[in-house]
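One-letter residues, chain by chain:
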Amino acid sequence: MKKINYISVAFVFLIGLASQAQTKAWTLEECVRYAVKNNISIKNTELDTLSATIDKRGALGNFLPSANLNASHSWNIGLNQDITTGLLRNQTTQQTGVGANVGVDIYKGLRNQNTMRRAKLSIVASKYQLVKMQEDIALNVANAFLQVLFNKENLKVQKEQLAINEKQYNRSEELVKAGSIPRGDLLDVKATVATNKQNVINAENNLLISKLSLAQLLQLKEFWDFDVVDDTNINDENNIMSIKPIDIYAKAKESRTELKIAQTNLEIAEKDVAIAKGGYQPTLTAFYGFNSRVSYADVIAFNDAGQPIGTKSADSFGTQLNDNKGQNFGLQLNVPIFNGWSVRNNVDRSKVTLEKSKIALEKEDLDLQRNVYTAFTDAKGAMNAHESSIVALEAREGAYNYAKEKYAVGLMNSFDFNQSQTLLTNAQSEVIRTKYDYIFKIKILEFYFGIPIDQIMKQ
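Every chain begins its residue count from 1, and numbering advances along the sequence as written. Reporting in this predicted model follows two pLDDT cut-offs: at least 70 for local features of residues, and 80 or more for side-chain atom pairs to be given and counted; totals over whole chains, interfaces and linings ignore these cut-offs and use all residues. To obtain the side-chain values, all non-hydrogen atoms of the structure were used and water was disregarded.

Quick notes on the packing of aromatic side chains
Here a Phe, Tyr or Trp ring, Trp counted by its six-membered ring, pairs with any other such ring whose centre lies within 6.5 Å, and the pair is stacked when the planes are under 30 degrees apart, edge-to-face when over 60, and tilted otherwise. Taken as a whole and assessed by the stated rule, the structure comprises five aromatic pairs. On the numbers, 5.4 Å between centres and 80 degrees between planes, the contact of F338 with W341 is edge-to-face. An identical accessibility class is assigned to F338 and W341; each is exposed. Whether a charge lies above a ring is judged from NZ of Lys or CZ of Arg, which has to be within 6 Å of the ring centre and within 35 degrees of the ring normal. When the ring centre of F449 is taken as origin, the NZ or CZ atom of K251, which lies over that ring, is 6.0 Å away. The buried label applies to any residue whose accessible area, calculated with a 1.4 Å probe on protein chains only, is under 20% of its type's maximum; exposed applies above 50%, and partly exposed to all values in between.

A closer look at the environment of L110
Here a strand is any run of E in DSSP of at least two residues, a helix any run of H or I of at least four, and the numbering for each starts at the N terminus. As for its placement among the helices and strands, L110 is situated in the loop between β3 (88-107) and α4 (111-178). With a relative accessible area of 42%, L110 lands in the partly exposed category. Sequence separation of L110 and Q281 is 171 residues, and the distance between their C-alpha atoms is 8.8 Å.

Brief notes about the pattern of salt bridges
Here a salt bridge means any side-chain nitrogen of Lys or Arg lying within 4 Å of a carboxyl oxygen belonging to Asp or Glu. Counted under the stated rule, the structure contains 15 salt bridges. Note that R256 is salt-bridged to E258, the shortest N-O span being 3.1 Å. Like E258, R256 is buried. The salt bridge involving E355 is made with K358; its shortest N-O contact spans 3.6 Å. Residue E355 and its partner K358 are both found in helix α9 (residues 342-408); the two are separated by three residues, about one turn of the helix.

What to know about the packing of helix α3 (residues 40-61) against α4
Angles shown run from 0 to 180 degrees and are taken between the N-to-C directions of axes, each axis being a line fitted to C-alpha atoms and, for helices, limited to the stretch in contact. The interhelical angle for the contact between α3 and α4, taken along N-to-C directions, is 175 degrees, at an axis separation of 8 Å. On the basis of the axis angle, α3 is roughly antiparallel to α4. We call two directions roughly parallel when the angle between them is under 35 degrees, roughly antiparallel when it is over 145, roughly perpendicular when it lies between 65 and 115, and oblique otherwise.

Topic: the nonpolar core
With 71 residues, the main nonpolar core has V141, L214, L218 and F226 as its most contacted residues. At the level of elements, α2 (28-38), α4, α5 (183-217), α6 (245-255), α7 (257-277), α9 and α10 (414-448) are the ones that each hand at least two residues to this core. The leading source of residues in this core is α4, at 15 residues. What makes two residues a contact is simply this: any of their non-hydrogen atoms within 4.5 Å. Apart from the residues within four sequence positions on either side, F226 is in contact with W26, C31, K211, L214, A215, L218 and L220. For this analysis, a nonpolar core means a set of buried residues of the types Ala, Val, Leu, Ile, Met, Phe, Trp, Tyr and Cys, connected via side-chain atoms within 4.5 Å.

Let's talk about α10
In this model α10 runs 51 Å from its N-terminal to its C-terminal C-alpha over 35 residues, within 8% of the 51 Å that 1.5 Å per residue would give. Extensive coverage of α10 is indicated by the burial of 25 of its 35 residues. Phi turns positive one or two residues past the end of α10, at G450, with a value near 90 degrees. To estimate the expected span of a helix, count its residues, drop one, and scale the result by 1.5 Å.

Description of α5
The terminal C-alpha atoms of α5, which comprises 35 residues, lie 52 Å apart, in line with the 51 Å expected from a rise of 1.5 Å per residue. Note on α5: the residue one or two positions beyond its end, Q219, has a positive phi of about 65 degrees.

Regarding the confidence of the model for the protein chain
The predictor reports its confidence for every residue as pLDDT, a score running from 0 up to 100. For the protein chain, per-residue confidence averages 83 on the pLDDT scale, and 85% of positions sit at 70 or higher. Mean pLDDT per element in the protein chain: helix α1 (residues 2-21) is the minimum at 42, and α7 is the maximum at 94. Confidence drops under pLDDT 50 across residues 1-22; counting only partners more than four residues distant or on other chains, this segment forms one contact.

Re a positive patch on the surface
Only residues whose relative accessible area exceeds 30% and that form no salt bridge enter a patch; like-charged residues are grouped when within 9 Å of one another, and nonpolar side chains (Val, Leu, Ile, Met, Phe, Trp, Tyr) when within 5 Å. The accessible surface values rely on the Shrake-Rupley method and a 1.4 Å probe; as for residues, cover is taken only from the protein chains in view. For this count, His and the chain ends are skipped, Lys and Arg are scored as positive, and Asp and Glu as negative. Note that the charge is assigned to NZ on lysines, CZ on arginines, CG on aspartates and CD on glutamates. A cluster of basic residues, K56, R117, K120 and K127, forms a positive patch on the protein surface. Considering every element that reaches the positive patch, the biggest residue donor is α4, with three residues. In this fold, K120 is placed in helix α4.

Side note on unusual backbone geometry
The phi angle at L110 is positive, at roughly 60 degrees, despite the residue not being glycine. Even without glycine at this site, W341 takes up a positive phi of about 65 degrees. Here W341 is to be found in the loop between β8 (326-334) and α9.

A closer look at the side chain of S350
Inspection of the secondary structure assignment puts S350 in helix α9. Apart from residues lying up to four places away in sequence, S350 is in contact with D272, V273 and A276.

Overview of the environment of C31
Mapped onto the fold, C31 is located in helix α2. Separated by 111 residues in the primary sequence, C31 and A142 place their C-alpha atoms 8.4 Å from one another. The residues contacting C31, other than those within four sequence positions of it, are W26, V141, F145, L214, L218 and F226.

Topic: the side chain of Q428
Relative to the helices and strands, Q428 is located in helix α10. A residue is classified by how much of its surface remains accessible, and Q428, at 19% relative accessible area, is buried. Ignoring anything within four residues of it in the chain, the contact list for Q428 reads V157, Q161 and L393.

Here we look at the packing of α2 against α4
Taken N-terminus to C-terminus, the directions of α2 and α4 make an angle of 140 degrees; their axes are 9 Å apart at the nearest point. When the axes of α2 and α4 are compared, the pair comes out oblique. Where α2 crosses over α4, the two elements pack in a sense that is right-handed. Facing α2, whose interface residues are L28, C31, V32, A35 and V36, α4 presents Q134, I137, A138, V141, A142 and F145. For the contact of α2 with α4, the class distribution of residues is 10 nonpolar, one polar and no charged. In this scheme, a crossing is called left-handed if the near helix is turned counterclockwise away from the far one by less than a right angle; it is called right-handed if the turn is clockwise. Gly counts as polar in this scheme, as do all residues outside two lists: the nonpolar Ala, Val, Leu, Ile, Met, Phe, Trp, Tyr, Cys and Pro, and the charged Asp, Glu, Lys and Arg.

Shown next, in the form of structure tokens:
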């Protein structure tokens, strides 16, 4: 039994090593492509596009004639009318009836034509909705991707700070033994090391959660070994900040999916009004019908004087079907005169929807203009904040080095030295935060300019 357990442990260990060796670091482009292909919300929107295609097929069917077959078989027991003589007699009969009907709309107030145009527009709108969902998912992926990178760099900073403080603790022990600093300073450094260890744990947890969030956004089932590339730098190769906001807005009006969706919905609303108005017009339908019947009862035979002389068997199925056949065809015209204002109400409701669509299109245009100018202002502010954080970090590094020299010769107590370390760590974290904030703000601005999501970062 022990031997089997050892083998099992070794097998699991080898699998763990293999999985670690196969761990792949994902790029932003790979994350976006995978999410677009596998995200549940995108798949749901793709089904909406399929539904719109089915609706178009239904609209096409309105132009085709309708054809129906019918058949019946009945048993009649008791006093029944003989279908050949018209007389009543007690008998049990069986009768089979068959028929076919064909109808086709010749004119229906152009409703079929407008319904077809509306169905085509619905397909276009559903495709735009799919693109919009893909864009939203891609933007969410980029944000989650950057959050992972931020947490990675933040963890690196916390570990480096912990390593520095651990060395400082060892150095302080030597200074205490030499009598250069009081023992209380050593306790302060020890507390700082403990705090640093807690910061590392928090940073590791934040990194794990951010990786999990990105993996779930990608719909990854095996997310425990998920990781992304580390080397990502700010890249404004498109020089988006040199473009005026009004030019970005003009470009966005040509390409943004929100406006295309609103414009298509407006066109759909116009077709709905046309379809509703078709109810005022007459309809003309052509029809054709065929029917025949077969009886299985024996037929009474009569002599020349009209007296019954016996019975004879009914004709064959095919003969009766041919002898009893009948046809009807013609045209049917319906002219609406009064229908309880139902058509009028439908037209009025469609007009209200049309006005709402016009307002929605105007609102999307205004929102786009506001979002573009806001994104430009945010990107500019993020750029300035990042540049300022770099300057602040350089100053904090100089202050820390100066404080370290003073602490080493006993000219600074441990409390003030720890404060200098804390300010340096905060400055390092601020550089990282502003860096990724600037990347994301640039990404949004380029997004409005029509540049693909993954071109901002170089891996």
